[in-house]
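Secondary and tertiary structure notes
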Amino acid sequence: MGFAYQQAVYGAGLSHKFEFYKRSKSSYSNDTYGPWDCLDDGLANQFYDSIVLAIPSDQYLSAMKRLETYTKCFLLEKPGFASLEDFELLNEWCNHSNRKIFVLFNRRFFSSVRHLKKLVMNTDKLYARFCFDDRISFLSDYPRPNELRHWVWFNSAHVIDLMFWLFDGLFDSQSETQGSLTPIDAAQVPWHKGATIMRQQWDLGDQQVLVEADWSRDGSWCINGNADGEEFTLSPIEEFRSEKFTLKPDFSDGVKPGLKEIVESIAIADTTQFASLEYCRKLYDQICKIAHY
């Protein structure tokens with residue numbers, strides 16, 4: 001992803017705003033795109049406004065402690081933390097003056113998803129189904145047991161975030177969710193000890209939202225439904241299709257949809273486009289309920 005950001009930055013003509021570094025075994029080292037041998041020297045010289053570090057989530061805290069002398073604001077990749085203990089550490093860091101953390105869910109920047117956002121806001125009667133079946137057959141030898149154990153949180157958080165982002169009322173709705181968790185033989189999916197078939201539904205008056213997954217079979221991420229009588233689908237999520245309209249993926253940044261818009265938002269410090277740490281805590285609680293963790 002560090003390379004993807006680099007391509008998007010240069011494609012947007014913002015190379016003067018960013019510097020890129022990659023991590024060595026013990027420190028951050030220059031990757032020939034900057035004039036310094038270490039990240040700290042570049043920061044001390046105040047050469048740039050934004051930094052992109054492509055590092056694993058378990059190194060967020062150590063990187064923040066190292067860089068907090070130079071900046072008080074960090075943008076993390078989704079989901080931002082892997083456990084409530086991680087959240088408490090990040091939250092405690094934010095309790096000091098002017099410290100802020102935002103979380104990037106990059107699929108919010110897809111033109112197809114933004115089109116659906118407008119549709120949700122301007123449709124009288126809407127039904128939407130969010131499916132996050134993953135391709136289970138490919139995961140038998142997955143090398144990261146912690147991520148496998150919390151697969152919904154680490155990998156399907158994108159789709160579930162879209163559900164709550166598109167339907168703002170879900171977090172605040174007082175109505176109970178409908179539907180039920182229907183577990184099957186856990187031996188078929190031995191790494192998911194909770195419910196391997198999940199189905200939850202929210203009724204928001206003229207808007208109904210269904211989320212479902214079957215961890216015992218292959219599947220894919222998709223969003224589909226019916227808006228004022230017209231069926232639509234996002235499958236893959238990068239492309240919107242309906243009976244009357246098709247919005248193809250925008251790969252104009254040369255890497256992934258939406259990255260150009262992301263770096264432009266970072267460059268002008270438009271943090272309204274990103275998720276707050278508290279939002280992610282609410283999302284974490286909801287995912288734990290949906291996935292029966």
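Treat the numbers as computed from the prediction; the structure is a model and nothing was measured. (Residues numbered from 1 in each chain as written. Predicted model: local features only at pLDDT ≥ 70, side-chain atom pairs only at ≥ 80, totals over all residues. Heavy atoms only, no water.)

**Some remarks on the overall build of the chain**
- From N to C terminus, the chain includes 11 helices and 13 strands.
- Expressed as a percentage of the 293 residues in the chain, the buried residues total 46%.
- Nonlocal contacts in the chain, meaning residues at least 24 apart in sequence, comprise 67% of its contacts between residues at least 6 apart.
- As displayed, the chain has an accessible area near 14,900 Å², and 48% of this comes from carbon and sulfur atoms. (Helix = DSSP H or I, 4+ residues; strand = E, 2+ residues; numbered from the N terminus. Buried < 20%, exposed > 50% of the residue type's maximum accessible area, 1.4 Å probe, protein only. Contact = heavy atoms within 4.5 Å. Areas by Shrake-Rupley, 256 points an atom, 1.4 Å probe, with all protein chains shown as cover.)

**Here's the deal with the state of the cysteines**
- The tally for this structure, following the rule as stated, stands at zero disulfides.
- The structure places no disulfide on C131, whose sulfur is separated from the nearest cysteine sulfur, that of C222, by 4.5 Å. (Disulfide = S-S within 2.5 Å.)

**Re the side chain of K78**
- Positionally, K78 belongs in the loop between β4 (73-77) and α4 (84-94).
- With residues near it in sequence (within four places) discarded, K78 still touches V103, L104, F105, F154, N155 and H158.

**Observations regarding the sheet that holds strand β9 (residues 221-227)**
- Strand order in this open sheet of seven strands is β7-β8-β6-β9-β10-β11-β12, and the pairing throughout is mixed. A single partner strand is all that each edge strand has here, and the edge strands are β7 (197-204) and β12 (246-247).
- Pairing analysis gives seven bridges linking strand β6 (residues 126-132) to β9, with the strands arranged antiparallel. Considered in β9, the bridge of F132 is made with W221.
- Against the sheet, helix α5 (residues 111-121) touches β6, β8 (207-214), β9, β10 (230-234), β11 (240-242) and β12, its axis set at about 150 degrees to β10. (Pairing = 2+ DSSP bridges. Axes fitted to C-alpha atoms, helices over the stretch in contact; angles between N-to-C directions.)

**Examining the sheet that holds strand β5 (residues 100-104)**
- In spatial order, the strands read β4-β5-β13; together these three strands make up an open sheet with mixed pairing. The open sheet has two free edges, formed respectively by β4 and β13 (275-276), since each of these has just one partner strand.
- As judged from the two bridges shared by β5 and β13, these two strands associate in the antiparallel manner. By the bridge assignment for β13, F102 is matched with S276.
- Packed onto the sheet, α4 meets β4 and β5 and runs at close to 135 degrees relative to β5.

**Digging into the packing of α4 against helix α11 (residues 277-290)**
- Where α4 contacts α11, the axes come no closer than 11 Å and their chain directions differ by 165 degrees. With respect to their mutual orientation, α4 and α11 come out roughly antiparallel. Crossing angle aside, the handedness with which α4 passes α11 is left-handed. Where α4 approaches α11, its residues L84, F87, E88, L90, N91 and C94 are matched on the opposing element by L277, E278, R281 and Y284.
- Counted by class, the contact of α4 with α11 contains six nonpolar, one polar and three charged residues. (Parallel < 35°, antiparallel > 145°, perpendicular 65-115°, else oblique. Left-handed = near helix turned anticlockwise from the far one by under 90°. Nonpolar A, V, L, I, M, F, W, Y, C, P; charged D, E, K, R; others polar.)

**Structural notes on the pattern of salt bridges**
- Taken as a whole and assessed by the stated rule, the structure comprises six salt bridges.
- Taking the shortest distance from any N to any O, the salt bridge between R99 and E68 comes out at 2.8 Å. Taken together, the residues R99 in the loop between α4 and β5 and E68 in the loop between α3 (60-67) and β4 connect sequence positions 31 residues apart.
- The partner of R241 in a salt bridge is E239, with the nearest N and O atoms 3.8 Å apart. (Salt bridge = Lys/Arg side-chain N within 4 Å of Asp/Glu carboxyl O.)

**Remarks on the nonpolar core**
- Formed by 58 residues in total, the largest nonpolar core has its most connected members in F130, F132, I160, M163 and F167.
- Ranked by size, the runner-up nonpolar core spans 14 residues in total, among them V9, L104, A267 and F274. (Core = buried A, V, L, I, M, F, W, Y, C linked by side-chain atoms within 4.5 Å.)

**Focus on the pairing of β8**
- Within β8, seven of the eight residues are buried, leaving the element largely enclosed by the surrounding structure.
- Note that β6 and β8 share six bridges and pair parallel. In the sheet register, L126 faces β8, and the bridge partner there is Q207.
- Relative to β8, β7 runs antiparallel, the two sharing eight bridges. Pairing of Q201 across the sheet is with L210, part of β8.
- Adjacent in sequence and paired antiparallel, β7 and β8 are bridged by two residues, among which G205 carries a positive phi angle near 75 degrees.

In short, shape yes, function no, at least from these values alone.
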